[in-house]
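Fold and geometry: a report
So the chains spell out like this:
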Amino acid sequence: MSASSGAEVVIIGGGVTGLSAGWWLARAGLRVLVLEKGIVGWEASGRNGGGATHSFSPFFLEEQRLWPQMDEMLGYPTEYRRQRIRIALNEVQWSRMMRSVELAERQGFAWQRLDRRQLRELVPLVGDNALGGLLLDYGGHANPQRTVQAYAWALQDHGGRILQHTTATGITVRGGRATEIVTDRGVFGCEALVIAAGPQTGMLAAMVGAHLPLAPARVEMIVTEPLPLMRHGGADGNGLYGRQTLRGNLAYGGGPHEWIELEGMATPPRVVTPLFRHLARRLTELFPKAAHARVIRSWAGIVENTPDGRPVIERLAEPGNVVLATMSSVGFGLSPASGRAIAELVQHGRCLFADVAPLSLARFRGLPSDWRERLGWIPAADDEAGGIGAA
Ligand SMILES: Cc1cc2nc3c(=O)[nH]c(=O)nc-3n(C[C@H](O)[C@H](O)[C@H](O)COP(=O)(O)OP(=O)(O)OC[C@H]3O[C@@H](n4cnc5c(N)ncnc54)[C@H](O)[C@@H]3O)c2cc1C
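Note that the coordinates shown come from a computational prediction; the quantities given were computed from them, not determined experimentally.

A few points about the site of the ligand
In the vicinity of the ligand, 40 residues are found, and the nearest of them are Thr17, Glu36, Ser45, Gly331 and Gly333. Separating an oxygen atom of the ligand from a side-chain N or O atom of Asn48 is a distance of 3.2 Å. One nitrogen or oxygen atom from the main chain of Gly49 is found 3.0 Å from a nitrogen atom belonging to the ligand. For the shell around the ligand, the secondary structure elements donating two or more residues are α1 (16-27), β10 (215-224), β15 (295-305) and α9 (331-348). No other element matches β15, which puts four residues into the shell around the ligand. Across the shell around the ligand, the residue classes tally to 17 nonpolar, 18 polar and five charged.

A word on the packing of α1 against α9
Interhelical geometry of α1 versus α9 gives an angle of 45° and a closest axis separation of 7 Å. As far as their axial angle goes, α9 and α1 are oblique. Here α1 runs over α9; the crossing is right-handed. Residues Val16, Thr17, Ser20, Ala21, Trp24 and Leu25 of α1 pack against Gly331, Phe332, Ser335, Pro336, Ser338, Gly339, Arg340, Ile342, Ala343, Val346 and Gln347 of α9. Its residues assigned to classes, the contact of α1 with α9 comprises nine nonpolar, seven polar and one charged.

What about the packing of aromatic side chains?
A complete count under the given rule lists twelve aromatic pairs for this structure. Ring geometry for Phe60 and Phe109: centres 4.8 Å apart, planes at 55°, overall tilted. A residue pair is termed long-range when its members are at least 10 positions apart, and Phe60 in helix α2 (residues 60-66) and Phe109 in the loop between α4 (91-106) and β4 (111-114) qualify at 49 residues. An identical accessibility class is assigned to Phe60 and Phe109; each is buried. Here the aromatic rings of Trp67 and Phe332 are separated by 5.6 Å at their centres, their planes lie at 35°, and the arrangement is tilted. With Trp67 in the loop between α2 and α3 (70-74) and Phe332 in helix α9, this residue pair connects regions lying 265 residues apart in the sequence.

Focus: the packing of α1 against helix α6 (residues 144-157)
Helix packing geometry: the angle between the two helix axes and the distance between the axes. Close contact between α1 and α6 brings their axes to 9 Å; oriented N to C, the two are set at 30°. The orientation of α1 relative to α6 falls into the category roughly parallel. Seen from above, α1 lies across α6 with left-handed handedness. The segment α1 lies against α6, with Val16, Leu19, Ser20, Gly22, Trp23 and Ala26 engaging Val148, Tyr151, Ala152, Ala154 and Leu155.

Section: the nonpolar core
Formed by 48 residues in total, the largest nonpolar core has its most connected members in Leu19 and Phe59. Counting only elements with at least two residues in this core, the list comes to β1 (7-12), α1, β2 (32-35), α3, α6, β9 (186-195), β17 (322-326) and α9. Among the elements that make up this core, the one with the highest residue count is α9 (eight residues). Judged by nonpolar contacts, the second largest core, of 26 residues, contains Ala7, Ile12, Cys190 and Leu204.

Conventions and cut-offs
- Residues numbered from 1 in each chain as written.
- Predicted model: local features only at pLDDT ≥ 70, side-chain atom pairs only at ≥ 80, totals over all residues.
- Heavy atoms only, no water.
- Near = heavy atom within 4 Å.
- Polar contact = N/O pair within 3.5 Å; in protein donor to acceptor, adjacent residues only side chain to side chain.
- Helix = DSSP H or I, 4+ residues; strand = E, 2+ residues; numbered from the N terminus.
- Nonpolar A, V, L, I, M, F, W, Y, C, P; charged D, E, K, R; others polar.
- Axes fitted to C-alpha atoms, helices over the stretch in contact; angles between N-to-C directions.
- Parallel < 35°, antiparallel > 145°, perpendicular 65-115°, else oblique.
- Left-handed = near helix turned anticlockwise from the far one by under 90°.
- Contact = heavy atoms within 4.5 Å.
- Phe/Tyr/Trp six-rings, centres within 6.5 Å; stacked < 30°, edge-to-face > 60°.
- Buried < 20%, exposed > 50% of the residue type's maximum accessible area, 1.4 Å probe, protein only.
- Core = buried A, V, L, I, M, F, W, Y, C linked by side-chain atoms within 4.5 Å.

Take a look at the structure:
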């Protein structure tokens, strides 16, 4: 395979970030090639809670604007549903919830309080232990696997290509530009390169001389057998995120996570008992009337954490044709907007709809090399016994 089999824009990573960026670029008429080491959405993008409610992000307005249009724009269903219900079981959870809605309110979004009776009408699985809830007239959730598929098909409909089972192993830089991507299936030339490889973005960024501090963590989700559909499927709380699927299953993750090292690890990682137990307990507390439901599936995934928990999206100064994107645990919901931002950075050198300066690498300048140790974000010696970080 020769470098001529590349594309104008090569994207490393077939998760929602890379696929969305590829779709935006392909619909703008650019020749796009996505390289994916496994299959599309096999990592976090196909394994997440599906939440799309990120009021703290510079992309919040665009996230909220785009999601209701995505099925039509992509031409395939994502199972997107508007609004969320947040439930508090105690005062600490209540004040955390309030901080988040006040942030959204300042950006023009409405919400209302729900007393126990109103909450029970919308979410009949809650119990008497619930303090109350909030109905957010913004935010939402979608089906991650359908969304990955929708991006991939839509990208291909616009002439983009996806090569699965193709691992990027090297990047050639010449004259201040990335010119070729070396893979286990040949070399691909590019005029612009997007690195959107989730937790692996740091390792690939190092190949072009950029230092991207990332700490990976294992998180898990559980899925119950189907239960009668509630009036509102987008309810969460008690440190959990997730949704009731259109088929009635409760699909939830959250609670404690576990710091890991990626090196030498098969990804995605296996499910471990302590995380699974914590999830089941929290779900039973949140929905006591579902305590009898059997868990029929569970899986683990990796989230990619930057030191401040915020994404990095940046077009590098050197090599000048490379955009880095890693989403630090919030990449599913933001993907319609992050993809658009990445596409604009490739095409115009700047994001036209939001200020991406707060997402640049410059904020980590001077970060001590032992930042993970200082934050306590290091894998425990015995991960089965107690390698569980704070929620
Ligand atoms: C259990 C769980 C729950 C979550 N819940 C939510 C939620 O409710 N809402 C939300 O917004 N976010 C959530 N997230 C986070 C969200 O899923 C991620 O931030 C998002 O999917 C990141 O997408 P990505 O495309 O950037 O990375 P990934 O999905 O990690 O995709 C990167 C891709 O790059 C590929 N790759 C890596 N290295 C190479 C290489 N060398 N060559 C070729 N390909 C490579 C990988 O195989 C992978 O497919 C959750 C995550 C998990 C795991």
